[in-house]
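Each chain, written out:
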Amino acid sequence: FSSHEKICEALLKRYQDLKKLLNELCGMEEWDVRLDYEPEAFTRWVMQKEAPQISKVEKDAAFQSEGTRYLLKKKLSLSLQERQEKWIANFRQAILQEVSRFTQKIQAINHFGDEAICALTCLIPHDRREHFALEVTKLMRTSDWGPVDIKVTGPFPPYSFCEAIS
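Residues numbered from 1 in each chain as written. Predicted model: local features only at pLDDT ≥ 70, side-chain atom pairs only at ≥ 80, totals over all residues. Heavy atoms only, no water.

Trainee: Would you explain the overall build of the chain in this entry?
Mentor: For the chain, the helix and strand inventory stands at six helices and four strands. Relative to a compact globule of 166 residues, whose C-alpha radius of gyration would be 15 Å, the chain shows 23 Å and is clearly more extended. Counting across all 166 residues of the chain, residues that qualify as buried make up 30%. Relative to all contacts within the chain whose residues are 6 or more apart in sequence, the contacts with residues 24 or more apart total 76%. On the chain, roughly 11200 Å² of surface is accessible, and the fraction owed to carbon and sulfur atoms is 54%. (Helix = DSSP H or I, 4+ residues; strand = E, 2+ residues; numbered from the N terminus. Rg over C-alpha atoms; globule rule 2.2 N^0.38 Å. Buried < 20%, exposed > 50% of the residue type's maximum accessible area, 1.4 Å probe, protein only. Contact = heavy atoms within 4.5 Å. Areas by Shrake-Rupley, 256 points an atom, 1.4 Å probe, with all protein chains shown as cover.)

Trainee: What is the right way to read the pattern of salt bridges from this model?
Mentor: Where charged atoms from two side chains of opposite charge approach closely, those side chains can pair. Applying the stated criterion across every chain, the model contains eight salt bridges. Among the salt bridges present, the one from Glu29 reaches Arg129, with a minimum N-O distance of 2.5 Å. Of this pair, Glu29 sits in strand E1 (residues 28–36) while Arg129 sits in helix H6 (residues 129–142), placing them 100 residues apart in sequence. With a shortest N-O distance of 3.2 Å, Lys151 and Asp36 are connected by a salt bridge. Of the two residues, Lys151 is situated in strand E4 (residues 149–156) and Asp36 in strand E1; the sequence distance between them amounts to 115 residues. For Lys151, a relative accessible area of 42% puts it in the partly exposed group. Members of the salt-bridge network, linked through shared partners, are Glu98, Arg101, Glu135 and Lys138. (Salt bridge = Lys/Arg side-chain N within 4 Å of Asp/Glu carboxyl O.)

Trainee: Explain the nonpolar core here, please?
Mentor: A general trend in soluble globular proteins is that nonpolar side chains are found buried together. Leu35 and Ile95 are the most contacted members of the largest nonpolar core, which has 26 residues in total. Contributions of two or more residues to this core are made by E1, helix H3 (39–49), helix H5 (66–100), strand E3 (116–125) and H6. No other element matches H5, which puts six residues into this core. The residues contacting Ile95, other than those within four sequence positions of it, are Val33, Leu35, Cys118, Leu120, Leu139, Trp145 and Ile150. (Core = buried A, V, L, I, M, F, W, Y, C linked by side-chain atoms within 4.5 Å.)

Trainee: Would you take a moment to explain the packing of H3 against helix H4 (residues 51–62) for this structure?
Mentor: What describes two packed helices is the angle between their axes and the distance between those same axes. Two elements in contact, H3 and H4, have axes separated by 5 Å at closest approach and are oriented at 85 degrees. The angle between H3 and H4 falls in the class roughly perpendicular. Facing Met47, Gln48 and Lys49 of H3, the residues of H4 in contact are Ala51, Pro52 and Ile54. Residues belonging to the contact of H3 with H4 are distributed by class as follows: four nonpolar, one polar and one charged. (Axes fitted to C-alpha atoms, helices over the stretch in contact; angles between N-to-C directions. Parallel < 35°, antiparallel > 145°, perpendicular 65-115°, else oblique. Nonpolar A, V, L, I, M, F, W, Y, C, P; charged D, E, K, R; others polar.)

Any functional reading would require information beyond the geometric quantities listed.
Below you can see the structure in the form of structure tokens.
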């Protein structure tokens, strides 16, 4: 802004929107929940979980011609990838469902990189902070997450839930 007057003018134009946003964010905290994994360990874990199906394809391949074995291995690789994607979707859904019980709003990034399944940015009332952290910790201990690691960080000011002021 070029002057103090321009700032005041812009704030007055957006007064109602800013007031509403500040009221929504009053008493709130931002927390991040991220599901991380090491791809190779995750692949091994899925293979163990899906062992009967994988063993059957490997046994079938053992008695086939070289070309058929190659195609069966390709089929196995695609099947394993599909199973991994299914497990990832299940983990993502489970954490989203659990976390949404405690939050006002959630912003989700479904694929955060090569070593993360998803990242959630959560808006949580300050008075539910301890309950939220306790429940996510309990979820980590009571469910079979295999090599998936749940990381919770916060609290932060709720910057991710502020609109850009133009």
